[in-house]
Amino acid sequence: AIYDTAVQSLKYLAPVVPAETEKQVEKYWRQCLKIDSSRVDIQKGLCALYAYALDKENLKKQIVVLKSLEPDADGEQAYRMAEYARSFIAAGQWEQGLEMYKYIATLYPALAGIRCDIASEYFDAGRINEALTWVDSVMLFKEVDESSFLNAAFIYSELGYFDNCAAVLMRYDRTYGR
């Protein structure tokens, strides 16, 4: 218990952009978008700004805009967007960060991996029931990426669900031949 308390007191929290600064920066970037609304870099900058300012509602709206402008050519867009959720977590706003993760998951309903990331966040926080719910949902997907298979197996193993772990690893082997 002493160690846990000491570690918590040493925990670094990312700085939060004040609301006034957020509005000033947003104003300039919105003016830039009047010149060229297709600038994805500026759209991403707005997402980052809202994430650093812990402005969930504006971030949700901006993520939708970004998703519509940037094709998901490599299948990694949801994971890049998860950085915005992690900004909340880094600033000590874990629940809000998970809310953003879940929102991103709704935008990518066919992607198992983002759900596995959510399971991992719950696992790391010691919220076992939620971790199991999310990792179980990952295994319902027909297509699961390698990292998600291995993370799911790890979570099941650590929690003592060895039959689930073995099933995941066997499915992983059938899918990827490893």
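For the structure, see preceding data.
Source: prediction; values computed, not measured.

### Points about the pattern of salt bridges
Applying the stated criterion across every chain yields a total of 13 salt bridges. Here glutamate 26 makes a salt bridge to arginine 30, at a shortest N to O gap of 4.0 Å. Taken together, the residues glutamate 26 and arginine 30, both in helix H2 (residues 19-35) and four residues apart, mark about one turn of the helix. By relative accessible area, glutamate 26 is classed as buried at 14%. Notably, a salt bridge pairs lysine 56 with glutamate 99, separated by 2.9 Å at the nearest N-O pair. Of this pair, lysine 56 sits in helix H4 (residues 56-69) while glutamate 99 sits in helix H6 (residues 94-107), placing them 43 residues apart in sequence. Overlapping salt bridges bring together Lys23, Glu26, Arg30 and Asp55 as one network.

### Some words on the nonpolar core
One broad trend across soluble globular proteins is that nonpolar side chains are buried collectively. Core analysis: the largest hydrophobic core is formed by 55 residues, its most contacted members being Leu59, Ile63, Tyr84 and Ile114. Of all the secondary-structure elements, those providing two or more residues to this core are helix H3 (40-52), H4, helix H5 (77-90), H6, helix H7 (112-124), helix H8 (128-138), helix H9 (146-158) and helix H10 (162-176). For this core, the element with the most residues is H5, which contributes eight residues. Those residues within four positions of leucine 59 in sequence are excluded, and the remaining contacts are Cys47, Tyr50, Ala51, Tyr84, Phe88 and Met100.

### Remarks on the packing of aromatic side chains
All told, the structure shown has five aromatic pairs when counted by the stated rule. Ring centres of tryptophan 94 and tyrosine 122 lie 5.4 Å apart, and the angle between their planes is 75°; on these two criteria the pair is classed as edge-to-face. On the criterion of sequence distance, the pair formed by tryptophan 94 in helix H6 and tyrosine 122 in helix H7 is long-range, its members being 28 residues apart. Assigned by exposure class, tryptophan 94 and tyrosine 122 land together as buried. Judged by centre distance (6.1 Å) and plane angle (80°), the rings of phenylalanine 149 and tyrosine 176 are edge-to-face. Here phenylalanine 149 is found in helix H9, whereas its partner tyrosine 176 is found in helix H10, with 27 residues between them in sequence. Look at phenylalanine 149 and you get buried, because its relative accessible area is 1%. The rings of Phe149, Tyr172 and Tyr176 are connected pair by pair, giving a single aromatic cluster. The positively charged end of lysine 67 is found above the aromatic ring belonging to tyrosine 108, 5.0 Å away from the centroid.

Thresholds applied
- Residues numbered from 1 in each chain as written.
- Predicted model: local features only at pLDDT ≥ 70, side-chain atom pairs only at ≥ 80, totals over all residues.
- Heavy atoms only, no water.
- Salt bridge = Lys/Arg side-chain N within 4 Å of Asp/Glu carboxyl O.
- Helix = DSSP H or I, 4+ residues; strand = E, 2+ residues; numbered from the N terminus.
- Buried < 20%, exposed > 50% of the residue type's maximum accessible area, 1.4 Å probe, protein only.
- Core = buried A, V, L, I, M, F, W, Y, C linked by side-chain atoms within 4.5 Å.
- Contact = heavy atoms within 4.5 Å.
- Phe/Tyr/Trp six-rings, centres within 6.5 Å; stacked < 30°, edge-to-face > 60°.
- Lys NZ or Arg CZ within 6 Å of the ring centre and 35° of its normal.

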